[in-house]
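Spelled out from the first residue to the last, the chains are:
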Amino acid sequence: MDLNTLFIYLLTLFINIEALLADNLHQETFHVKPGAGTLSIEHELNGHKCKFTYAAQGGTHEEWYFSLEVIEGGSAVMCTISREKQSSYLYFEHFKMEVTGSFVSISEVDIKASQKDNKNLQASEFSLEENAVSSTAQFKNRLEKVAVYCRVLREDL
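This one's a predicted model, so the numbers in the text were calculated from it and none came from an experiment.

J.: How would you explain the pattern of salt bridges if you had to name every residue and give the values?
T.: Scanning the entire structure with this criterion turns up six salt bridges. The shortest N-O distance in the salt bridge between Arg83 and Glu62 comes to 3.6 Å. Here Arg83, found in the loop between strand E5 (76–82) and strand E6 (91–100), pairs with Glu62, found in strand E4 (residues 62–71); they are 21 residues apart in sequence, far enough to count as distant. Taking relative accessible area as the criterion, Glu62 reaches 1% and is therefore assigned buried. Arg151 is the salt-bridge partner of Glu72, the closest N and O atoms lying 2.7 Å from each other.

Right under this line is the structure:
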């Protein structure tokens, strides 16, 4: 195989992998806007929707990261909201992350009050339901990451 053929082959392979990943991954940055009341960001991908609802106070807006990914051949969904690269100085009044779609059930959560210190929220600060995780009255108003891993249960099981 000559170099031109090899190059075209590798380029085609890369484009196909990129297209496959694009169909199973949505990423974006957004601004958490303090003092704007209750706001939401959501996205739908392959029949699964992730929605993050929050209210925050303090300072000016911050840039945050949103990711929704269908993984493990469609048998799981991962949704992540996080403050990337910097600590958050905002005071979150409340939050809720919901994942909906056919036969989706949250099986794991990773909720950080501080990513720099790897400090998780205490169990009393959030409530976990089948398709949602949300703050409770004991929430101490610090948040830097909410990530949920959801199994997609099969209808015929």
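J.: Can you lay out the pairing of E6 for me, pointing to particular residues and giving the numbers?
T.: For a regular strand, the rule is simple: side chains alternate between the two faces of the sheet. Sheet analysis places strand E3 (residues 48–57) next to E6, joined by nine bridges and oriented antiparallel. In the sheet register, Ala55 faces E6, and the bridge partner there is His94. Pairing of E6 with strand E10 (residues 132–135) involves three bridges; the strand directions are antiparallel. When the bridges of E10 are listed, Glu98 appears paired with Ala132.

J.: Give me the state of the cysteines: which residues, what numbers.
T.: By the definition in use, this model includes one disulfide. Between the sulfur atoms of Cys50 and its disulfide partner Cys79 the distance amounts to 1.9 Å. Handedness of the Cys50-Cys79 disulfide follows from its S-S torsion of about -75 degrees: it is left-handed. Separated by 29 residues along the polypeptide, Cys50 in strand E3 and Cys79 in strand E5 bring together distant segments of the chain. Cys79 shares its class with Cys50; the two are buried. Take Cys150: it sits in no disulfide, and the sulfur closest to it among the cysteines is that of Cys79, at 7.9 Å. Given a relative accessible area of 0%, Cys150 falls into the buried group.

Calculation rules
- Within any chain, residue numbers begin from 1 and follow the written order of that chain's sequence.
- Residue-level local features of this predicted model are given only where pLDDT is at least 70; pairs of side-chain atoms are given and counted only at 80 or more, and the full residue set underlies all totals for whole chains, interfaces and linings.
- Only heavy atoms go into the side-chain values, all of them from the structure, while hydrogens and water stay out.
- The salt bridge criterion pairs a side-chain nitrogen of Lys or Arg with a carboxyl oxygen of Asp or Glu, the two atoms within 4 Å.
- The helix and strand labels rest on DSSP assignments: H or I over at least four residues marks a helix, E over at least two residues marks a strand, and numbering proceeds from the N terminus.
- Burial status follows relative accessibility: with a 1.4 Å probe on protein chains alone, a residue under 20% of its type maximum counts as buried, one over 50% as exposed, and anything between as partly exposed.
- Only strands joined by at least two bridges in the DSSP assignment are considered to pair.
- For the purposes of this analysis, a disulfide is any pair of cysteine sulfur atoms at a distance within 2.5 Å.

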